[in-house]
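Residues per chain are reported as follows:
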Amino acid sequence: MAGILDNNQIAQVGFIVRDIEKSKKVFAEFLGVPVPDTFDGGSFEVTGTTVEGEPAPDANCKMAFFDIGEKTQLELIQPNGVKSTWQDFLDTHGEGIHHIAFQVKDMKSKIISCENFGMKCVQQGEYGDGSGEYAYLDAYKDMKCMIELLESY
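Residues numbered from 1 in each chain as written. Predicted model: local features only at pLDDT ≥ 70, side-chain atom pairs only at ≥ 80, totals over all residues. Heavy atoms only, no water.

Enquirer: Could you give me a rundown of the overall build of the protein chain, with the residues and numbers involved?
Expert: Counting its secondary structure elements, the protein chain contains five helices and ten strands. Here the protein chain has a C-alpha radius of gyration of 15 Å; the compact-globule value for 153 residues is 15 Å, and the two agree. When burial is assessed residue by residue, the protein chain has 44% of its 153 residues classed as buried. For the protein chain, contacts bridging at least 24 residues in sequence account for 60% of all contacts bridging at least 6. Surface accessibility of the protein chain: about 8500 Å² in total, with carbon and sulfur atoms responsible for 53%. One way to put it: in the protein chain the 13 positive side-chain charges average out to a point 4 Å from where the 25 negative ones average out. (Helix = DSSP H or I, 4+ residues; strand = E, 2+ residues; numbered from the N terminus. Rg over C-alpha atoms; globule rule 2.2 N^0.38 Å. Buried < 20%, exposed > 50% of the residue type's maximum accessible area, 1.4 Å probe, protein only. Contact = heavy atoms within 4.5 Å. Areas by Shrake-Rupley, 256 points an atom, 1.4 Å probe, with all protein chains shown as cover. Lys, Arg positive; Asp, Glu negative; His and termini not counted. Charge placed at Lys NZ, Arg CZ, Asp CG, Glu CD.)

Enquirer: So what about the pairing of strand S7 (residues 96-103)? Which residues, and what values?
Expert: Sheet topology note: the strand S1 (residues 10-16)/S7 ladder contains six bridges and is antiparallel. Residue pairing across strands places phenylalanine 15 opposite isoleucine 97, the latter belonging to S7. Bridging between S7 and strand S10 (residues 146-152) involves five bridges; their strand directions are parallel. Its bridge partner being in S10, isoleucine 100 is matched across the sheet by isoleucine 147. (Pairing = 2+ DSSP bridges.)

Enquirer: Explain the pairing of strand S8 (residues 120-126) to me, using residue names and the numbers behind them.
Expert: Looking at chain direction, strand S3 (residues 50-51) and S8 are connected through two bridges and run antiparallel. Looking across to S8, one finds that threonine 50 is bridged to glutamine 124. Of the strand pairs in this sheet, S8 and strand S9 (residues 132-138) are connected by six bridges, and their pairing is antiparallel. Bridge pairing in S9 places glutamine 123 opposite tyrosine 136. Between S8 and S9, which pair antiparallel one after the other, the connecting turn spans five residues, and glycine 130 there sits at a positive phi close to 75 degrees.

Enquirer: So what's going on with the confidence of the model for the protein chain? Which residues, and what values?
Expert: When the pLDDT values of the protein chain are averaged, the result is 96; 99% of them are 70 or greater. Ranking the elements of the protein chain by mean pLDDT puts helix H5 (residues 140-143) last, at 93, and helix H1 (residues 20-31) first, at 98. (pLDDT = per-residue confidence, 0-100.)

Enquirer: Can you tell me about the sheet that holds S9, naming the residues and giving the values?
Expert: Ordered by their spatial adjacency, ten strands build an open sheet running S2-S5-S6-S1-S7-S10-S9-S8-S3-S4, and the pairing between neighbours is mixed. Looking along the sheet, the strands with just one partner apiece sit at the ends: strand S2 (39-40) and strand S4 (54-55). Those strands touched by helix H3 (residues 85-93) are S1, strand S5 (61-68), strand S6 (72-79), S7, S8, S9 and S10, and its axis lies near 150 degrees from that of S7. (Axes fitted to C-alpha atoms, helices over the stretch in contact; angles between N-to-C directions.)

Enquirer: Pulling in residues and values, what's your account of the state of the cysteines?
Expert: Considering all chains together, one arrives at zero disulfides under this definition. The structure places no disulfide on cysteine 121, whose sulfur is separated from the nearest cysteine sulfur, that of cysteine 114, by 9.0 Å. Residue class for cysteine 121 comes out buried when judged on its relative accessible area of 14%. Cysteine 145 forms no disulfide, and the closest cysteine sulfur to it belongs to cysteine 114, at a distance of 11 Å. Residue classification places cysteine 145 among the buried positions, given a relative accessible area of 8%. (Disulfide = S-S within 2.5 Å.)

Enquirer: Give me a nonpolar patch on the surface: which residues, what numbers.
Expert: A cluster of nonpolar residues, Phe30, Leu31, Val33 and Ile68, forms a patch on the protein surface that exposes about 360 Å² of accessible area. Mapping leucine 31 onto the fold places it in helix H1. Looking at leucine 31, the relative accessible area reads 32%, which means it is partly exposed. (Patch = residues over 30% accessible without salt bridge, like charges linked within 9 Å, V, L, I, M, F, W, Y side chains within 5 Å. Salt bridge = Lys/Arg side-chain N within 4 Å of Asp/Glu carboxyl O.)

Enquirer: Before we move on, can you summarise the packing of aromatic side chains with the specific residues and values?
Expert: Within this structure, the stated rule accounts for five aromatic pairs. Seen from their ring centres, phenylalanine 27 and phenylalanine 66 are 6.2 Å apart, and the 40 degrees between their planes marks the pair as tilted. Here the residue phenylalanine 27 occupies a position in helix H1, and phenylalanine 66 occupies one in strand S5, the gap between them amounting to 39 residues. Relative to tyrosine 136, the ring of tyrosine 134 lies with its centre 5.5 Å away and its plane at 65 degrees, an arrangement referred to as edge-to-face. Comparing tyrosine 134 with tyrosine 136, the two get one shared label, buried. Each member of the aromatic cluster is reached from another via a ring pair, and the members are Phe15, Phe27 and Phe66. (Phe/Tyr/Trp six-rings, centres within 6.5 Å; stacked < 30°, edge-to-face > 60°.)

Structure representation (structure tokens):
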């Protein structure tokens, strides 16, 4: 069975944190790897971020990535205080696991498939470097987390 996304390989697990510099040092020590660089989410001119279907030029975050295994990343995200799925999670739940991500092809059709499955697309945009796009789908009711779709160009 192919499933909703035609891919069941987890690409990423994302955590929301209050202090990315402190958190990435703890994860690096735990994993026995170097402390990764910190990146911002990119400029709105590139990302075109929307939150709940509306342009969100000020929604941004700091991110750090750990490669774990051959195809999986651990992502740390520190929201910038502006309305976004990241900030909403922090305000509602505090720090913790925010999403599980999957690589997809044909983002638009996969969003429709997920919405038909009962999820709601709450945020989307392009990667900060313009090399792909992402979409967060609220799957809390049935799956207890966000599902993130990633399509790299």
